[in-house]
Amino acid sequence: MVDTKTKMPFPARVKAIVRAAFGLTDTTGWQLAYPGNSSAGKTVTIDGALQLATVWACVRLLSETVATLPFMLYKTAADGGRTVAGDDPLYDLIHDAPNADYTAVEFWEGVVLCLCLWGNAYAKKEKMGNRLVALTPLRCDWMVVKRNRQGAREYHYHDPKGLKVWSEDDVFHVRGFGGAGDVGLSPITFARQSLGTAMATDELAGTMFANGARPTGILTVDQVLKPEQRKQLQENIVAPFVGSENAGGVMVLEAGLKFQAVTMTPEDTQFLETRSFHVEEICRWFRVPPFMVGHTQKSTSWGSGLEQQLIAFLTFALKPYLSRIEQAVSRSLIPAAQRKALKPEFKVEGLLRTDSAARSAFYAVMVQNGIMTRNEVRRLENLPPLPGGDDLTVQSQNVPLGEQPTTPKPPAKPEDDEE
């Protein structure tokens, strides 16, 4: 195959493009142009991995859960108290909308999606003077992070319009696991063998149903067939009964032909067990409880109740993503002089929105122990404040024990004068 414009063979043309865009020493560019193959013979790409139901479910679960948590910006006062920094311009960007085209849910969903697939998430800082006014998402597969001669990071963005080079002050970068270097590690790249085997297993399942989901067999005859007879046998006997649309037909054998089925079921080849194992294997890469993607086997290993399983999911699966995003916002979007006063934080209490019993118990403990006021609780529930609801209250029986005062004796009544 030859490129009509340059008259170069197509593989050579691709190499020339990659060489011009990334250079010979940029492994990221070559990996994007030539994805590696797995031992199962399947080429694992981002789009191919997302076609696996377990990968799609894990990535969607993590992305949507993090994106739907309220992302707040708090201001610390001199006395140590914290209030919502609603008047800061950054609050609107991380809580409401990073730009005119995206909502906050869509933006942070894309950030976690990129962390799950590429191990990195990028956004362009749009500034008006020195003021940050918007964040524009950038494609991870078009970005290459380098170091210049002074040792500072440079972000080389290869979009169809040409190469753009930005400094670290121009790009909001969230690194995933292994981010001690310039970039995080891609889970899809390192899970290539597991994903390739799962893709091959899915292809095998599709092939079985394409062949009618019936076991293969052997046709035997007592004489040697001529080439014309073999062709007629293939066209008239074998082909009409191959494929799911031809399943259930009646085969007529003549001239001494005999059919012998090969009795090998999916259970004999441990096919079902293999597919079940791949679900757990992929969940292990994304650190997602298998029961949360519809795999109910061994779900009790994450806790004996739904509450314990939710706590485990929050602690081991969500918390690393939340901490990475919070610290990346603090480091990249907040000036150094304001980092002690401003703190971005996800409100994990948002996970209780769908559990009214747990939410009510949480509010009761906070109010009865004087931690939250009744109006603060009402604001969280989108209810109007009540008069007198801004006072902290505690239960009357929770009073300190001390020395009990002695009850004074009543004064003695004067005796009547004797007459």
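See the structure printed just above.
Residues numbered from 1 in each chain as written. Predicted model: local features only at pLDDT ≥ 70, side-chain atom pairs only at ≥ 80, totals over all residues. Heavy atoms only, no water.

A.B. asks: Requested: an account of the pairing of strand S4 (residues 131-138), with residues and values cited.
C.D. replies: Summarising the sheet, strand S3 (residues 120-128) and S4 pair through 7 bridges and their orientation is antiparallel. Bridge assignment links lysine 127 to a residue of S4, and that residue is leucine 132. Joining the antiparallel neighbours S3 and S4 is a turn of 2 residues, in which glycine 129 adopts a positive phi near 75°. (Pairing = 2+ DSSP bridges. Helix = DSSP H or I, 4+ residues; strand = E, 2+ residues; numbered from the N terminus.)

A.B. asks: Can you explain unusual backbone geometry? Please cite residues and give values.
C.D. replies: In the Ramachandran plot, arginine 287 falls in the positive-phi region, its phi being about 55° despite a non-glycine side chain. Summarising the element assignment, arginine 287 is placed in the loop between helix H10 (271-286) and helix H11 (306-332). Residue arginine 287 is classed as partly exposed on the basis of its relative accessible area, which comes to 44%. (Buried < 20%, exposed > 50% of the residue type's maximum accessible area, 1.4 Å probe, protein only.)

A.B. asks: Before we move on, could you go through the sheet that holds strand S1 (residues 71-76) and cite the residues and values that matter?
C.D. replies: Taken in spatial order, the 3 strands of this open sheet run S2-S1-S11, and their pairing is antiparallel. Here the strands that pair on one side only, and so sit at the sheet edges, are strand S2 (82-84) and strand S11 (342-346). Averaged over all pairs of adjacent strands, the angle between their axes in this sheet comes to 40°, without regard to strand direction. Of the pairings in the sheet, the one linking S1 to S2 comprises 3 bridges and is antiparallel in character. Its bridge partner lying in S2, threonine 76 is registered against arginine 82. (Axes fitted to C-alpha atoms, helices over the stretch in contact; angles between N-to-C directions.)

A.B. asks: Quick one: what's the story with the nonpolar core, residue by residue and with numbers?
C.D. replies: In this structure, Leu62, Trp108, Phe286 and Ile325 are the most contacted members of the largest nonpolar core, which totals 68 residues. Element by element, the count of residues in this core is highest for helix H6 (residues 104-117), at 9 residues. With residues near it in sequence (within four places) discarded, leucine 62 still touches Val112, Cys116, Phe286, Val288, Phe313, Ala317, Leu318 and Tyr321. Counting residues in hydrophobic clusters, the runner-up holds 5 residues, among them Tyr363, Met366, Met372 and Val377. (Core = buried A, V, L, I, M, F, W, Y, C linked by side-chain atoms within 4.5 Å. Contact = heavy atoms within 4.5 Å.)

A.B. asks: Can you break down the pattern of salt bridges residue by residue, with the values?
C.D. replies: Scanning all chains against the criterion turns up 10 salt bridges. Between glutamate 168 and arginine 153 there is a salt bridge, and its shortest N-O distance comes to 2.8 Å. Residue glutamate 168 is found in the loop between strand S7 (162-167) and strand S8 (171-175), and its partner arginine 153 is found in strand S6 (residues 153-159); the two are separated by 15 residues along the sequence. Glutamate 168 gets classed as partly exposed once you look at its relative accessible area, which sits at 22%. You can call arginine 153 buried: its relative accessible area is 10%. For aspartate 159, the salt bridge goes to lysine 164, with nearest N and O atoms at 2.6 Å. In this structure aspartate 159 comes out as buried when scored by relative accessible area, which is 15%. In this structure, a network of salt bridges that share partners links the residues Arg147, Arg153, Glu168, Asp182 and Arg331. (Salt bridge = Lys/Arg side-chain N within 4 Å of Asp/Glu carboxyl O.)

A.B. asks: Please give an account of the pairing of S6 that cites residues and values.
C.D. replies: A large share of S6 lies buried, amounting to 6 of its 7 residues. Relative to S6, strand S5 (residues 143-147) is paired through 5 bridges, and the arrangement is antiparallel. Residue pairing for S6: valine 145 is matched across the bridge by tyrosine 155. Hairpin connection, S5 to S6: the antiparallel pair is bridged by 5 residues, and glycine 151 has positive phi, about 90°. Pairing geometry for S6 and S7, over 6 bridges, is antiparallel. Looking at S7, one finds that histidine 158 is bridged to leucine 163. What sits between S6 and S7 in their antiparallel hairpin is a turn of 2 residues.

A.B. asks: Requested: an account of the state of the cysteines, with residues and values cited.
C.D. replies: Each disulfide consists of a covalent bond between the sulfur atoms of two cysteine residues. Within the structure shown, the criterion is met by 0 disulfides. There is no disulfide at cysteine 140, and the cysteine sulfur nearest it, in cysteine 114, is 3.4 Å away. Classification of cysteine 140 as buried rests on a relative accessible area of 8%. (Disulfide = S-S within 2.5 Å.)

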